[in-house]
Structure formats: C-alpha cells, structure tokens
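Listed here are the chains, written in short residue letters.
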Amino acid sequence: MASTIHRSPVGLTPMARVARHGGQGLRSVLPVLTVVAAIFVIWYAAAMALNATWAYNMAERLGRDLTFTQLVADTWSQQKPKLPAPHQVAVEIWNTTAEKSVTSKRSLIYHSWITFSSTALGFVLGTALGIALAVGIVYNRTMDMSVMPWVIASQTIPILAIAPMIIVVLNAVGISGLLPKAMISMYLSFFPVVVGMVKGLRSPGPMQLDQMRTWNATSVQTFWKLRLPSSMPYLFASLKVGVAASLVGAIVGELPTGAVAGLGARLLAGSYYGQTIQIWSALIMAAILAAVLVGLIGLVQRITLKRMGMA
Amino acid sequence: MTNETVISAKDLSLTFQTADGPVHALKDINLDVDKGDFVSFIGPSGCGKTTFLRVMADLEHPTAGDISVNGVTPEAARRARAYGYVFQAAGLYPWRTIAGNVRLPLEIMGYAKDEQDRRVKSVLELVDLAGFEKKFPWQLSGGMQQRASIARALAFDADILLMDEPFGALDEIVRDHLNEQLLDLWARTNKTICFVTHSIPEAVYLSTRIVVMSPRPGRISDVIESPLPAERPLEIRDTQDFIDVAHRVREGLRAGMTDEV
C-alpha cells in the first residue's frame, strides 16, 4: 500500500503550506508599508487643512503673514488642534505611558487597564452566556423557535441608549464599579458567540450524526465528541468579533457614568476640555488594546486548532 | 457455516411522504441473510438499496412489514451495538488521529483504556494501517481513510458489517485492492456483511449472494447464489463462472429498467 503523504484538503502538504505562507509574508510587507505611508500622508495633509483656519486667524490677529513653512509648522503643533498630527499623538502617548507611573491617574496604561478589566470580565460572561444560549437553541426546540428573535432584537437597541439604564438599574440594587460596565460588554459580546456557536454546533452533517446513532451514542457524548469539536473554528471567529465588541461596550459603559478612570473617561474628559490630542491618544490606545485582544484570541486559536490537528 | 438467519425481512415496505406525493422507496421486500453471508445489493439509484441498509441499521423506519436483526428489532440490535456501519464517505474526524478515530466508538461504548489500545492496534493491523496511528486523516489517501473507517466499524467486534458503497468514491485500482483486502478480512473474521454497490464486477467478485434491485417502487428483482469458490484471487474475474454471474446481474438490472421505460 502506498505510504506517501497525500493531499491535504487545501491541496498542499504541510511543508508547502508553510513555504507558501512564508512567501506571502515577505510579499505582503511592501503593500502594508505602502498603506501605512499613505495613511500618514493623508493624516498630515488633513491636519494641515483642518488646522489652517485657526493658524490664519492667529496670524491675522497678530498682523503677520504666514509663509508655507510657518503654516506647516503651526498646523502640526497647535495646543488644541481640530486634528492633531500623528507625531503629537505619539508624543502624548509616550508621555502618558512610558513617562508616567502605571498607578498614576494620568497614565494611559492605568486607564487602559481599567477598561481592559471590564472588557475581559464582560467578554468572559458574554462568551459563557453565548455558548449557553447556543446549546439551548441547538438542543431545545422551544428555545430554537423563541430565543433567536430576542437575541437579534437585543442588538437593534442602540447601546448608548441602554447603557445608562443598565448602570442606573444596577446601581439601584447596589451593584456598582466593574460589574455594570462588564454587563454592557457582555450585552454586546454574547451576540456573535450565539450566532457562531449555533452555526458551529449544527455543522456536523447528517452522516456524522447517523454514525453516532449507529454507535448508540448518548446526546451528551455526541455533544462532547462531535458537536463541540466541530464548532471550534466557528467559535474562534465569533470570539474575535466578540472581544472587539466587548471593548466597545466597556468604553461606552464608561461614558455615561461619569467614570473617572478608563479610556472612555479619558475620551469624555478630553471632549469636555477640547483636548483633542488626549482624545486621539485614547482612541489610538483603544485601537492598540483591541488589536492585542484580537491577536491573543488568534494565538489561542492557532494553538488550539494545531493541537486538534486542524491548522 | 451454520444456517442461522441473521437478518430477516418479511413484506417490508417503506414509503416516504414528500411534497410531490408518496415515494415507495421499498415495496414488499422478502429476504433472509444467513450468518457468515456476504450479500451485495445492486441496482440503479432510487432502487432503495441504501434505504434497505438504513432500515437494517435503524436509521430509517419501515412503514409496513417486519424486519429482525439478530432475532430482535433493528432498534434493539442498534442499542446492543450489533453492527458496524461504513458510510460512503470515510467521515473521519479531522481533529482526531487515525488511532483516535478508531478509538471513538470504543470511548462511546465505555471500553477500558487498555482494552481500547489493544483493539485499536489489532483492527489497524487487520486493515493494514499499522504505523499510521499518529497520522491525521488529511495525511492519508482516500483509500487509506476508507480502510481506517472500516477499522473503526470493526473495532467493537460486531457480528454484522453494513457497508454503503464504501468504495464508491475511489478509483478502480484502489477499489480492486480494497475488495481483495475486504474478502480477506471477511474470511478471517467470519462476519456477516451487507454491501451496497452500483458496480457489477464488485458485487460479483465479493458476494456469496447478490440481490438485484429495481426502482419505483424499490423491490428485489433477482437473488443470485454465487457459484464462485470462497477463495477468490482477482484473476477469478476472467473465468466463465464470473462472466456468467455478471451477465445474469446485468440482465436482472435491465429487466428492472424496462418496466420503467
């Protein structure tokens, strides 16, 4: 019997897959750099255009003319620009991370940690709720017929409208601090998990289910040995969406509460005082946090699927 | 060989209710399969051969008539894990190794760990896959995957093996090889095999009895007792006996079709 290594589902041996992946990595560096460079060019140009009015007004008041060089220098270094230039945001981020103790109220690391902790708690709660609902929907006909419309309806309500009410109601029953914010994260993050897991748990075909039947497997065995492993790729796709939604929920949860800490609080404080540089640095931090969280899920996904022989 | 009846169908009918009206998948099927038989079911698509196999496996329920498997109802036989079922696709779990896949029914049936190991090892040897325990399904060819799925069906040592076009998706050379191995395996294990196929040479080469079926309604049009000896090298396909049986099967199939056209 031939013992050669045969084609994988994508038509490549593991070696070839690695080689192809590596090659793609090298080839994709240039386009990525091009896009990044384009973003910076557009950003700087936009900063100049948006901040020019202020610069001209100031010059007029002082009775001076602006050369092009002066205009550029001014629009890229205003105290409260309409749009801060990238290097201003970078300096602000540097000053509020590396230059500050992490326990300082002015440290972005501190604020990121506050936001991260409610994101993480909300994400864990949301994932648990999402999986529980999905299992119920897949195994219980009544839930299948009744739960999904409510799940979808829950996501059509603007989170900005419902967030203050969640905070107020929970405060009224004596729950405050981390949990109310985490509840808002949960509210946003359970949805992609429900949708993905219902699809994933239903992904085994009729043949695989018949096969389980021929072995007289119980439905509990079918769940652990067939449905749950089959759903893993779907789960991880959902988790990536879910964790990003969870972060949005945590930030939104910090806005209406008059929270004094967290990236949402930084955004709010920045907008009160017109501190656009502070707003933008908080936004960038939120983006970095989101990227790290999604990257972490991706890492867990790679390890899990590799151990399952599916990557 | 004892003449104990393992599967017995009496006036068995199965009608599917569809949007386009009732479909008579099986009508008045009468058949006895004896212990140690290798019975092939052959016929054009829609003749109910797969449905009949699924009725034996308690995957479909007859609408009339009686069927017994090992002297009990198909459901009781299924609960007693009386048969192993091999589907057209190997259906191995991509997240389990070959050994892990063969172990799956044993885990479900609650065998002890060392007994699982022993059985996995012995059935993988039986299908000539020793040494591939730690490979994942995608690392194996289609033929090897199908042999692994046969090993999985054999692992819990059921007396009956139900096979639904197990080699249908494989090329002819691999199929010949697997047919030879299947006969060898059947001779060594003395199992009762019900084998669905749409290949005449495969049916004739493998079987002690060939059940020719015809469609609309699905029924048995001929049952042929094979005159071929138990020992069957591949060359037997060039003998006159083989050609005669193949001819009779083809005639049976044609007769079933002319009813229709």
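Predicted, not measured: the structure shown is a model, and the values here were computed from it.

### Structural notes on the overall build of chain B
And step 1. Counting its regular elements, chain B contains eight helices and nine strands.
And step 2. In summary, chain B has a C-alpha radius of gyration of 18 Å against a globular reference of 18 Å for 261 residues, a match within 12%.
And step 3. If you line up chain B on its principal axes, its C-alpha atoms span 55 × 40 × 40 Å.
And step 4. Across the 261 residues that make up chain B, the buried fraction comes to 56%.

### Some details on the overall build of chain A
And step 1. Scanning chain A from terminus to terminus reveals 11 helices and zero strands.
And step 2. Put simply, chain A runs from its N terminus to its C terminus through helices and strands in the order α-α-α-α-α-α-α-α-α-α-α.
And step 3. Taken along its principal axes, the extent of the C-alpha atoms in chain A is 90 × 60 × 35 Å.
And step 4. The burial tally for chain A puts 42% of its 311 residues in the buried class.
And step 5. The contacts of chain A with a sequence gap of at least 6 include a subset with a gap of at least 24, amounting to 73%.
And step 6. Counting only carbon and sulfur atoms, one obtains 70% of the accessible surface of chain A, whose full area is about 17,100 Å².

### Describing the nonpolar core
And step 1. Of all hydrophobic cores here, the largest spans 100 residues; its most connected members are B:V204, B:I210 and B:V249.
And step 2. It is helix α9 (residues 219-254) of chain A that contributes the most residues to this core, 10 residues altogether.
And step 3. In this view, B:I210 contacts B:S40, B:I42, B:A203, B:V204, B:D222, B:V223, B:I224, B:V245 and B:V249; residues no more than four positions away in its chain are not counted.
And step 4. Counting residues in each nonpolar core, the second largest holds 32 residues, with B:L26, B:F41, B:F87 and B:C194 among its members.

### Some words on the pairing of strand β3 (residues 38-42) of chain B
Residue and element names in this part refer to chain B.
And step 1. Of all five residues making up β3, five are buried, and the element is well covered by its neighbours.
And step 2. Here β3 shows a buried face lined by F38, S40 and I42 and a second buried face lined by V39 and F41.
And step 3. In terms of strand pairing, β3 meets strand β8 (residues 209-214) through four bridges, oriented parallel. What sits directly across from F41, in β8, is V211.

### With respect to the pairing of β8(B)
All names here are of chain B.
And step 1. Across the six residues of β8, six count as buried, placing the element largely inside the fold.
And step 2. Burial of the side chains of β8 extends over both faces: R209, V211 and M213 are buried on one face and I210, V212 and S214 on the other.
And step 3. Direction of pairing for β8 relative to strand β9 (residues 219-225): antiparallel, over a ladder of six bridges. Within β9, the position partnered with M213 by the bridge is I220.
And step 4. Linking β8 back to β9 in an antiparallel pair, the connection comprises four residues, with R216 at a positive phi of about 50°.

### A closer look at the sheet that holds strand β1 (residues 5-18) of chain B
Residue and element names in this part refer to chain B.
And step 1. A sheet is described by the order of its strands in space; here three strands give the open sequence β2-β1-β4, paired in antiparallel fashion. Only two strands of the sheet have a single partner each, and these edge strands are β2 (21-34) and β4 (64-69). Between one strand axis and the next, the sheet turns by 20° as a mean value, whatever way the strands run.
And step 2. Alignment of β1 against β4, held across five bridges, turns out to be antiparallel. Looking at β4, one finds that S13 is bridged to A64.
And step 3. Strand contacts of helix α1 (residues 49-56): β1, β2 and β4, with the helix running at about 115° to β1, the strand carrying the most contacts.

### Some words on the packing of aromatic side chains
And step 1. Counted under the stated rule, the structure contains 14 aromatic pairs over all chains.
And step 2. Between A:F40 and A:W43 the ring centres are 6.5 Å apart and the planes differ by 10°, which places this aromatic pair in the stacked class. Here the residue A:F40 and the residue A:W43 both occupy positions in helix α1 (residues 14-61), the gap between them amounting to three residues, near one helical turn.
And step 3. Assessed through its relative accessible area of 17%, A:W43 is described here as buried.
And step 4. When the ring of A:F223 is compared with that of A:W224, the centres are 5.2 Å apart and the planes differ by 80°; the resulting orientation is edge-to-face.
And step 5. What links up through ring pairs into an aromatic cluster is the set B:F38, B:F167, B:W186 and B:F195.
And step 6. Against the face of A:Y139 rests A:R227, its NZ or CZ located 5.5 Å from the ring centre.
And step 7. Of note, B:R237 hangs over the ring of B:Y205, and the distance from its end group to the ring centre comes to 5.9 Å.

### Focus: the interface of chain A and chain B
And step 1. With 29 residues of chain A at the contact, the number on the chain B side is 35 residues.
And step 2. Carbon and sulfur atoms supply 60% of the area that chain A and chain B bury against each other, a total of about 2,800 Å² over both sides.
And step 3. Across the chain A-chain B interface, the total number found is three salt bridges.
And step 4. B:D58 is the partner of A:R213 in a salt bridge, and the nearest nitrogen-oxygen pair spans 3.4 Å.
And step 5. In this structure, the connection of chain A to chain B is made through eight residue pairs in polar contact (both at pLDDT 80 or more).

### Here's the deal with the domain arrangement of chain A
All names here are of chain A.
And step 1. Assigned domains of chain A: these are domain 1 (14-83) and domain 2 (108-307).
And step 2. A separation of 34 Å is found between the C-alpha centroids of domain 1 and domain 2.
And step 3. With seven residues of domain 1 in contact, the opposing surface of domain 2 contributes seven residues.
And step 4. Together, the buried faces of domain 1 and domain 2 total about 480 Å²; carbon and sulfur atoms form 60% of this surface.
And step 5. Inspection of the region where domain 1 meets domain 2 yields zero salt bridges.
And step 6. Of the residues contributing to the side of domain 1 that touches domain 2, the split by class is three nonpolar, two polar and two charged.

### Some words on the domain arrangement of chain B
All names here are of chain B.
And step 1. You can read the domains of chain B as domain 1 (5-82 + 159-258) and domain 2 (92-157).
And step 2. Computed over C-alpha atoms only, the centres of domain 1 and domain 2 are separated by 25 Å.
And step 3. Facing the 14 residues of domain 1 at the interface are 14 residues of domain 2.
And step 4. For the pair domain 1 and domain 2, the summed buried area comes to about 1,200 Å², and 69% of that belongs to carbon and sulfur atoms.
And step 5. At the boundary of domain 1 and domain 2, one finds one salt bridge.
And step 6. For the salt bridge of K191 with D157, the shortest nitrogen-to-oxygen distance reads 3.2 Å.

### Structural notes on the pattern of salt bridges
And step 1. For the structure on display, the rule yields 23 salt bridges over all chains.
And step 2. We note a salt bridge from B:R209 to B:E225, for which the minimum N-O separation is 3.0 Å. Linking B:R209 in strand β8 with B:E225 in strand β9, this pair joins segments that are 16 residues apart in sequence.
And step 3. You can call B:E225 exposed: its relative accessible area is 53%.
And step 4. Taken together, the shared-partner salt bridges in this structure form one network comprising A:D210, B:R54 and B:E60.

About the thresholds
- Residues numbered from 1 in each chain as written.
- Chains lettered and ligands numbered in written order.
- Predicted model: local features only at pLDDT ≥ 70, side-chain atom pairs only at ≥ 80, totals over all residues.
- Heavy atoms only, no water.
- Helix = DSSP H or I, 4+ residues; strand = E, 2+ residues; numbered from the N terminus.
- Rg over C-alpha atoms; globule rule 2.2 N^0.38 Å.
- Buried < 20%, exposed > 50% of the residue type's maximum accessible area, 1.4 Å probe, protein only.
- Contact = heavy atoms within 4.5 Å.
- Areas by Shrake-Rupley, 256 points an atom, 1.4 Å probe, with all protein chains shown as cover.
- Core = buried A, V, L, I, M, F, W, Y, C linked by side-chain atoms within 4.5 Å.
- Pairing = 2+ DSSP bridges.
- Axes fitted to C-alpha atoms, helices over the stretch in contact; angles between N-to-C directions.
- Phe/Tyr/Trp six-rings, centres within 6.5 Å; stacked < 30°, edge-to-face > 60°.
- Lys NZ or Arg CZ within 6 Å of the ring centre and 35° of its normal.
- Buried area = accessible area lost by both parts, 1.4 Å probe.
- Salt bridge = Lys/Arg side-chain N within 4 Å of Asp/Glu carboxyl O.
- Polar contact = N/O pair within 3.5 Å; in protein donor to acceptor, adjacent residues only side chain to side chain.
- Domains from an automatic or database assignment.
- Nonpolar A, V, L, I, M, F, W, Y, C, P; charged D, E, K, R; others polar.

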